[in-house]
Amino acid sequence: MIDTTVFHNKKVAFHTLGCKLNFAETSAIGKKMSDEGFVKARAGEQADVCVINTCSVTDTADRKCRQAISKLNRLHPNAIMVVTGCYAQLKPDEISKIEGVDLVLGANEKFSILEYLHNIETDAPAEVHTTKINKIKEFEPSCSRDDRTRYFLKVQDGCDYYCTYCTIPFARGRSRSANIEQTVQKALEAIEAGAKEIVLTGVNIGDFGKLNGESFFDLVKAFDAIESDVRFRISSIEPNLLTDEIIDYVATSKHIMPHFHIPLQSGTNEVLQLMKRKYNRELFEHKVQKIKSLMPDAFIGVDVIVGVRGETAELFEESCRFIESLDISQLHVFTYSERAGTKMLDIEQNTPIAERKKRSDILHLLSDKKTKAFYESQTGKTYPVLWESRHNGENMVGFTTNYVKAERTYDKNRVNAVEMITLGGWNDEKSALEIEK
Ligand code: SF4
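These lines cover the structure that appears in this document, whether it is placed above or below. (Residues numbered from 1 in each chain as written. Predicted model: local features only at pLDDT ≥ 70, side-chain atom pairs only at ≥ 80, totals over all residues.)

### Details of the pairing of strand β5 (residues 101–105)
- Buried residues dominate β5, accounting for five of its five residues.
- Note that strand β4 (residues 80–85) and β5 share three bridges and pair parallel. From the neighbouring strand, Val 83 faces β5, where its bridge partner is Val 104.
- When β5 meets strand β6 (residues 127–129), the two strands line up parallel, connected through three bridges. (Buried ≥ 20, exposed ≤ 12 C-beta atoms within 10 Å, placed from the backbone. Helix = DSSP H or I, 4+ residues; strand = E, 2+ residues; numbered from the N terminus. Pairing = 2+ DSSP bridges.)

See the structure below:
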């Protein structure tokens, strides 16, 4: 048994980069540390320990992580500097050489941070503890609250798909999850703590339960059966795992919101094959049409990557035409960047950086057009809105069940409360719809 009384009232500072999953995990690490006596360093206070949870989705993400480490080292020169997350798993030696780093923890080790802190020698070179990625079995369901109203519940980790452009399977390991009972228990704890809306997160959440004979659909039904007025959002789910039965279920469910986020990545079958995605565009189109036939007002967000190897100008144009034809609400546009160790690097045809940027601009404009049309189709409709604490000048914002951002005059009594409203026209900045008086 480790004597952790040494941690009482020690100050810890956290810095998280990357996705919602990382934020949920930082929150779980923070909970373990506060259970053992750590307290969060307030702004301006010197921390005893800094924990940096990194991302490695692109080279730019790696650079931002290195900058964050250096900045924290300047702010807290005497702190023990712990670096974990995807970048730490992928390039531990590179990180261990950054000035000020004391401890590098991989994907399997991050939740055992207290043991490593207990044993660390600070004046020695940085310690590196990682596990080979194919040996990673650890899974911790975890939940974090953003500074708004939403909670992010990590229901799954890792991925078995190995898309040719992606390094996530090398950073997070094989697909794994807890069971339904444990996952629902985490959601109940969040509801107990005041959650009104819970976003399900993971790397490939549709793969939930694969190792223990359960399924994501069973999990969705278990969440829907919770006796509470909480709202759940599915967040991103692979189109081949978004089954027709899940869509049918969401259409009549009490708690699962009519809001979908589906990665398409390219609108041509040629590029989808180069990416080794597990569906074709006809399947994607079917999913969108099915959602819209059952839930005409559902919000559908779609991920697209531009400029991958093999995406010629003609294929990009064809992809744009396909995306334009879909009844969707928003695009999340990512610009391809080469990642060492990925299969996509074997493809010779390359897209110049300037051309990648041009394609990204084109799709951002298309996204704006889609979002504008979707929002304008919602004017005059009545929905429950969950108001958040965020201010927009004199106003507060919230989201309808189908993820339309609404705005009203700030009223602190309405924060984290639901109100039935009718959507009006745009606000001045065209970033949200006002409510009809
Ligand atoms: S589904 Fe593909 S893109 Fe998504 S995490 Fe897995 S390998 Fe990466």
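Read on for the rest.
### Points about helix α8 (residues 216–224)
- For α8, every residue scored as buried is listed here: Phe 216, Leu 219, Val 220 and Phe 223. Projection of α8 onto a plane perpendicular to its axis shows the buried side chains occupying an angular sector of 100°, all on one side.
- The inward-facing, buried residues of α8 contact α7 (180–192), β10 (231–233) and α9 (244–252). (Arc of directions from axis to C-beta. Contact = placed C-beta atoms within 7 Å.)

### Points about the nonpolar core
- In this structure, Cys 50 and Val 82 are the most contacted members of the largest nonpolar core, which totals 115 residues.
- Sort the elements by how many residues they give to this core and strand β12 (residues 299–306) lands first, with six residues.
- Those residues in contact with Cys 50 that sit more than four places away from it in its chain are Ala 13, Leu 72, His 76, Ala 79, Met 81 and Val 82. (Core = buried A, V, L, I, M, F, W, Y, C linked by C-beta atoms within 7 Å.)

### Observations concerning the packing of α9 against helix α11 (residues 281–294)
- The geometry of α9 relative to α11 is characterised by a closest axis approach of 10 Å and an angle of 20° between their N-to-C directions. Between α9 and α11, the interaxial angle falls into the category roughly parallel. Crossing hand, α9 versus α11: right-handed. Mapping the contact onto sequence places Asp 244, Ile 247, Asp 248 and Ala 251 in α9 and Lys 290, Ile 291 and Leu 294 in α11.
- Class assignment for the residues of the contact of α9 with α11 results in four nonpolar, no polar and three charged. (Axes fitted to C-alpha atoms, helices over the stretch in contact; angles between N-to-C directions. Parallel < 35°, antiparallel > 145°, perpendicular 65-115°, else oblique. Left-handed = near helix turned anticlockwise from the far one by under 90°. Nonpolar A, V, L, I, M, F, W, Y, C, P; charged D, E, K, R; others polar.)

### Quick notes on the site of the ligand
- Taken together, Cys 159, Tyr 161, Tyr 162, Cys 163, Cys 166, Ile 168, Pro 169, Val 203, Asn 204 and Glu 238 make up the full set of residues adjacent to the ligand.
- Tallied by class, the residues present in the shell around the ligand amount to eight nonpolar, one polar and one charged. (Near = placed C-beta within 6 Å.)

### Let's talk about the sheet that holds strand β8 (residues 150–154)
- Across the sheet, which stays open at both edges, the four strands sit in the order β7-β8-β9-β10 with mixed pairing between neighbours. Unpaired on one side and paired on the other, β7 (142–145) and β10 mark the two borders of the sheet. Each neighbouring strand pair of the sheet contributes to a mean axis angle of 25°, computed without reference to strand direction.
- As judged from the four bridges shared by β7 and β8, these two strands associate in the antiparallel manner. Across the sheet, residue Ser 144 finds its bridge partner in β8, namely Phe 152.
- Sitting on the sheet, helix α1 (residues 20–35) is in contact with β7, β8 and β9 (197–201), with an inclination near 100° to β7.

### As for unusual backbone geometry
- At Tyr 162, a residue that is not glycine, the phi angle is positive and equals roughly 55°.
- Of note, Tyr 162 is situated in the loop between β8 and α6 (168–172).
- A count of 12 C-beta atoms within 10 Å places Tyr 162 in the exposed class.
- For Tyr 403, which is not glycine, the phi torsion reads 65° and is therefore positive.

### Observations regarding the environment of Leu 21
- Positionally, Leu 21 belongs in helix α1.
- For Leu 21, a count of 26 C-beta atoms within 10 Å puts it in the buried group.
- For the pair Leu 21 and Val 203, spaced 182 residues apart in sequence, the C-alpha separation works out to 7.8 Å.
- If we skip the residues at most four places from it in the chain, Leu 21 touches Lys 154, Thr 201, Gly 202 and Val 203.

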